[in-house]
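Chain and residue survey
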Amino acid sequence: MIVKRFVLCAAMVMVTFTNHYLAAQDFNLTYTTEFQTDFRKGAKWVNLLRTDFLQSLGNSVNIEVASISVARTSDKKLVDDLQVYSNIEEENLPLALAILGINWHVGASSLFVGIRNLNEDYFNSPCTSLFTNSSCGIFPTLSANYPIANYPVASVGMDYKLKLGNWYVETSIYNGTGYNMFVGKENVFRFCPKTDGILSITSLNYQNNDSGYYMGIALHSGMSAGDESGNDETEEKKKLNTVLWGYAEQKLSSGLYALFQYSINPTEKQGCRSYVGGGLVMRYKKIEGGVFADYADFTTEHEWASELTCKFLFGKSGYVQPAFHLIANTRECNWVGLIRLGYEI
């Protein structure tokens, strides 16, 4: 079974590379692989292949396309965690869209229309991008509560960006439920606010002297993550839910940064209601290391999670990154280790 999945992953690499390379003007391929262990008998191998290409239609208009493919050797969870310690692990997925649309640039602003994954634009600042846990990629007050366009799914939407000096404003609107299929009811081209709801996000950011400050609000109408069947159209599911967040990356000295995050969901009765996290990141030449800890409060459970990681860069665009996670929740307390290898061409 492992050999078959490896062959499948290799085939996806070749097919995706060949098809995109022939059509693309600006092409990039990123391969990420990681080995996970619970330091007992459990182990897993996870692979992520991402392709990006851009076709210019003129000085200010581009066609952008990105796809992802995921392969793993086991569906069994190593630990029973709530926040997910690996931000690349998902069910086996031969091919799915992350981006497909047109981006129009005018001066300091841009407008994208098409298929998009919100991870392309939000919660991906320099310090948060170091860590391998999912909560640094998107706060669980949003991702754990609603079936939104969060990796590995995407949805129809629009994204607008405006940069004014050190200030950066972004606002987006998506179909309220994300998908990764090409055909059928759950196809990624589906736009149905009546049943799927709507997700609106706005973020106001300020960056200066290598420090960054981010705050945002998300409004979601439609189903919660636990109501994905959509059979019971109650008024409770149709209400408008609100998520607020803010985080800061403060430069303390040359190469040393402090990270602090906070988010609250005041309207959701089920799922994750609040989240807080903090850590330190240090950079020195081709080495980047960090320590991070967070607390997520769910309706009937809670979880403390921490991560210690270090990334070693090699070549022009490769890296090796070991990470150790300590996860303690109302179910169990466990260690997880992983070593990640990434390369871009």
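Position numbers for residues start from 1 in each chain and track the written sequence from start to end. This being a predicted model, a pLDDT of at least 70 is required before a residue's local features are given, and a value of 80 or more before pairs of side-chain atoms are given or counted; all residues contribute to the totals for chains, interfaces and linings. Side-chain numbers here rest on the full set of heavy atoms in the structure, without hydrogens or water.

**Overview of the overall build of the protein**
Strands are runs of DSSP state E lasting at least two residues, helices are runs of H or I lasting at least four, and both sets are numbered from the N terminus onward. Along its length, the protein carries 4 helices and 16 strands. Residues counted as buried form 48% of the 345 residues belonging to the protein. Residues count as neighbours in contact if any of their non-hydrogen atoms are within 4.5 Å of one another. The long-range fraction of contacts in the protein, counting pairs at least 24 apart against all pairs at least 6 apart in sequence, stands at 59%. Carbon together with sulfur atoms contributes 63% to the accessible area of the protein, which is approximately 16600 Å² in total. Only protein chains enter the area calculation, which uses a 1.4 Å probe; residues under 20% of their type maximum are buried, those over 50% are exposed, and those in between are partly exposed. Here the accessible surface of atoms and residues is derived via Shrake-Rupley with a 1.4 Å probe, and residues count as covered only by protein chains that are part of the display.

**Regarding the packing of aromatic side chains**
Working definition: an aromatic ring pair is given by the centre-to-centre distance plus the angle between the planes. Each Phe, Tyr or Trp ring, with Trp reduced to its six-membered ring, pairs with another whose centre is within 6.5 Å; inter-plane angles below 30 degrees give stacked pairs, above 60 give edge-to-face pairs, and intermediate values give tilted ones. As enumerated under the stated definition, the model contains 12 aromatic pairs in all. Taken together, a centroid distance of 4.5 Å and an interplanar angle of 15° make the contact between Tyr214 and Tyr247 stacked. Taken together, the residues span a long stretch of sequence, with Tyr214 in strand 9 (residues 211-221) and Tyr247 in strand 10 (residues 240-253) at a distance of 33 residues. Looking at Tyr247, the relative accessible area reads 7%, which means it is buried. Plain terms: the ring middles of Tyr295 and Trp304 are 4.7 Å apart, the flat faces sit at 45° to each other, and that makes the pair tilted. Every member of this aromatic cluster is reached through a ring pair, and the members are Phe123, Phe139, Tyr214, Trp245, Tyr247 and Tyr275. Distance and angle both matter: a charge sits over a ring if NZ of Lys or CZ of Arg is within 6 Å of the ring centre and within 35 degrees of the ring normal. Taking NZ or CZ as reference, Arg116 lies 4.4 Å from the ring centre of Phe112, over its face. Positioned above the aromatic ring of Tyr319, the side-chain terminus of Lys311 is 4.5 Å from the ring centre.

**Examining the pairing of strand 3 (residues 61-72)**
Burial within strand 3 is extensive, with 10 of its 12 residues counted as buried. Relative to strand 3, strand 2 (residues 43-56) runs antiparallel, the two sharing 11 bridges. Bridged to Gln55 within strand 3 is Ile63. Connecting the antiparallel pair strand 2 and strand 3 is a turn made up of 4 residues, with Gly58 showing a positive phi of about 155°. In this analysis, strands are considered paired if DSSP registers two or more bridges between them.

**Observations regarding a nonpolar patch on the surface**
Together, Phe39, Leu252, Leu280, Val291, Leu308, Phe324 and Trp335 make up a nonpolar patch on the protein surface, roughly 690 Å² of accessible area in all. Structurally, Leu280 is set in strand 12 (residues 272-284). Taking the relative accessible area as the measure of exposure, Leu280 reaches 40% and is therefore partly exposed. Note that patches include only residues with greater than 30% relative accessible area and no salt bridge, and the join distances are 9 Å for like charges and 5 Å for nonpolar side chains (Val, Leu, Ile, Met, Phe, Trp, Tyr). Should a side-chain nitrogen of Lys or Arg be within 4 Å of a carboxyl oxygen of Asp or Glu, the pair is scored as a salt bridge.

**Focus: the side chain of Ser155**
Structurally, Ser155 is set in strand 6 (residues 155-164). For Ser155, the contacting residues outside a window of four places in its chain are Gly114, Ile115, Arg116, Ala149, Tyr174, Asn175, Thr177, Gly178 and Val188.

**Some words on the confidence of the model for the protein**
Mean pLDDT over the protein works out to 89, with 88% of the residues at or above the 70 mark. Note: pLDDT gives the predictor's confidence per residue, expressed from 0 to 100. The model gives residues 227-235 a pLDDT under 50, and that stretch makes 6 contacts with residues more than four places away or in other chains.

**Comments concerning the nonpolar core**
Judged by nonpolar contacts, the single largest core of 30 residues is most densely connected at Leu118, Phe123, Leu142, Leu199, Ile201 and Trp245. For our purposes a nonpolar core is just a set of buried Ala, Val, Leu, Ile, Met, Phe, Trp, Tyr and Cys residues, chained together by side-chain atoms within 4.5 Å. By size, the runner-up hydrophobic cluster in this structure holds 12 residues, among which are Ala96, Ala98, Ile99 and Phe112.

**Thoughts on the pattern of salt bridges**
Under the definition given, this model contains 20 salt bridges. Note that Asp38 is salt-bridged to Arg40, the shortest N-O span being 3.6 Å. Asp38 sits in the buried class, given a relative accessible area of 7%. You can call Arg40 exposed: its relative accessible area is 53%. For the salt bridge of Arg273 with Asp297, the shortest nitrogen-to-oxygen distance reads 3.2 Å. Here the residue Arg273 occupies a position in strand 12, and Asp297 occupies one in strand 13 (residues 287-298), the gap between them amounting to 24 residues.

**A short note on empty space enclosed by the protein**
Empty space among the atoms becomes apparent when a probe as large as a water molecule is rolled across them. The pocket and cavity definitions rest on a 1 Å grid over protein atoms only: a 1.4 Å probe that fits but cannot leave marks a cavity, an open set with protein on both sides within 12 Å along at least five of seven lines marks a pocket, and residues lining either have an atom within 4 Å of a point. Grid points are joined across faces, edges and corners, and a volume is the space filled by probe spheres set on the points. Applying the stated rule across the entire model yields 2 cavities of 30 Å³ or more. Considering only enclosed or pocket space, the largest cavity measures out at about 90 Å³ in volume. Every element with two or more residues in the lining of the largest cavity is listed here: strand 13, strand 14 (302-314) and strand 15 (318-329). Of all the elements, strand 14 adds the most residues to the lining of the largest cavity, at 4 residues.

**Brief notes about the environment of Asp294**
With respect to the helices, strands and loops of the structure, Asp294 is situated in strand 13. Note: C-alpha distance between Asp294 and Tyr275 (19 residues apart in sequence) is 7.3 Å. Residues in contact with Asp294, not counting those within four places in the same chain, are Gln83, Asn133, Ser135, Tyr275, Val276, Gly277, Glu303, Trp304 and Ala305.

**A few points about unusual backbone geometry**
A cis amide bond links Tyr151 to the next residue, Pro152, at an omega of 10°. One can find Pro152 in the loop between helix 2 (140-143) and strand 6. For Val84, which is not glycine, the phi torsion reads 75° and is therefore positive.

**Some thoughts on the state of the cysteines**
By definition, disulfides here are pairs of cysteine sulfur atoms that lie within 2.5 Å. A full pass over the atoms with the stated rule returns 0 disulfides. Cys136 provides the cysteine sulfur closest to Cys127, a residue in no disulfide bond, and the two sulfurs are 9.7 Å apart.

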